[in-house]
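What the coordinates show
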Amino acid sequence: MPKIIAVSKTFPMSEILPLINYGHKHFGENKVQESIKKWTEIKEKNKNIMLHMVGRLQTNKAKYAVGLFDYIHSVDSLKLANKIIDEQIKQSKKIKIFIQVNIGQEIQKSGIHLNDVNKLVEDCRKLNLDIVGLMCLPPLNGPSKNYFSKIKEKNDELKFRELSLGMSNDYVEAIVHKTTFIRIGTKIFGERN
Ligand SMILES: *Cc1c(COP(=O)(O)O)cnc(C)c1O
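Notes on the structure follow. (Residues numbered from 1 in each chain as written. Predicted model: local features only at pLDDT ≥ 70, side-chain atom pairs only at ≥ 80, totals over all residues. Heavy atoms only, no water.)

The next subject is the packing of aromatic side chains. One pass over the structure, following the stated rule, counts five aromatic pairs. Centroid distance Phe11 to Phe189: 5.3 Å. Interplanar angle 25°. Geometry classified as stacked. Taken together, the positions of Phe11 in the loop between β1 (3-7) and α1 (13-22) and Phe189 in helix α8 (residues 186-189) put the pair 178 residues apart, joining distant regions of the chain. You'll find Phe11 and Phe189 in the same group, each marked buried. With a centroid separation of 5.1 Å and an interplanar angle of 45°, the aromatic rings of Phe27 and Trp39 are classed as tilted. Separated by 12 residues along the polypeptide, Phe27 in strand β2 (residues 26-29) and Trp39 in helix α2 (residues 32-45) bring together distant segments of the chain. Given a relative accessible area of 0%, Phe27 falls into the buried group. Each member of the aromatic cluster is reached from another via a ring pair, and the members are Tyr71, Phe98 and Phe181. One cation-aromatic arrangement involves Lys3 over Phe181; the distance from NZ or CZ to the ring centre is 4.7 Å. (Phe/Tyr/Trp six-rings, centres within 6.5 Å; stacked < 30°, edge-to-face > 60°. Helix = DSSP H or I, 4+ residues; strand = E, 2+ residues; numbered from the N terminus. Buried < 20%, exposed > 50% of the residue type's maximum accessible area, 1.4 Å probe, protein only. Lys NZ or Arg CZ within 6 Å of the ring centre and 35° of its normal.)

Written as structure tokens, this is what we have:
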């Protein structure tokens with residue numbers, strides 16, 4: 001079964017704590033600033049918590065992201081990869097990376113095109129980044145199925161051990177495609193404002 005990332009963006013720590021106390025391990029956020037405020041202290045106290053950055057990451061925030069997160073799901077350029085490497089060296093910390101693929105080739109979404117994945121992965125591997133898999137957000141109007149099968153195929157071709165697919169509305173389909181992480185917000189915490 002996949003590991004569940006509880007995506008807690010916008011929710012206060014008071015609503016997240018019951019899951020932490022229950023022993024849930026993986027949490028996701030999409031904004032660096034918000035994450036620093038919410039998680040710095042609690043992560044100090046709970047070393048087993050794994051924090052995942054699932055949102056777009058600007059290079060000027062890579063420093064803070066490397067400092068706080070255990071996984072980044074949104075690497076989509078060599079520029080960002082280089083910045084992460086620099087910070088990892090400075091901070092003597094190594095985190096796990098997903099390459100975000102813009103699987104529906106939507107202009108408003110970040111991520112690289114499927115055709116450019118091999119090149120970026122090759123370059124990142126030279127940099128000694130710990131890339132664990134691919135991540136995508138399929139188009140909202142779906143069906144996710146076709147997109148998931150394409151990315152799964154590419155993930156296998158590149159021999160990655162992890163895969164980051166599926167949100168509240170399509171996690172069942174993601175599990176069918178053998179994802180190793182699902183990213184669930186609404187179905188755990190309720191609707192966001
Ligand atoms: C918010 C978010 C999720 C969770 O979405 P839900 O539909 O609330 O489950 C998953 N992945 C990313 C990248 C997100 O930004």
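On to the site of the ligand, then. Taken together, the residues surrounding the ligand are Val7, Lys9, Val54, Met135, Leu137, Met167, Ser168, Arg183, Ile184, Gly185, Thr186 and Arg192. Within the side chain of Lys9, an N or O atom sits 2.7 Å from an oxygen atom of the ligand. In this structure, an oxygen atom belonging to the ligand sits 2.8 Å away from a main-chain N or O atom of Gly185. Here the ligand has 390 Å² of accessible area as a free molecule, and 90% of this is covered by the chains. (Near = heavy atom within 4 Å. Polar contact = N/O pair within 3.5 Å; in protein donor to acceptor, adjacent residues only side chain to side chain. Areas by Shrake-Rupley, 256 points an atom, 1.4 Å probe, with all protein chains shown as cover.)

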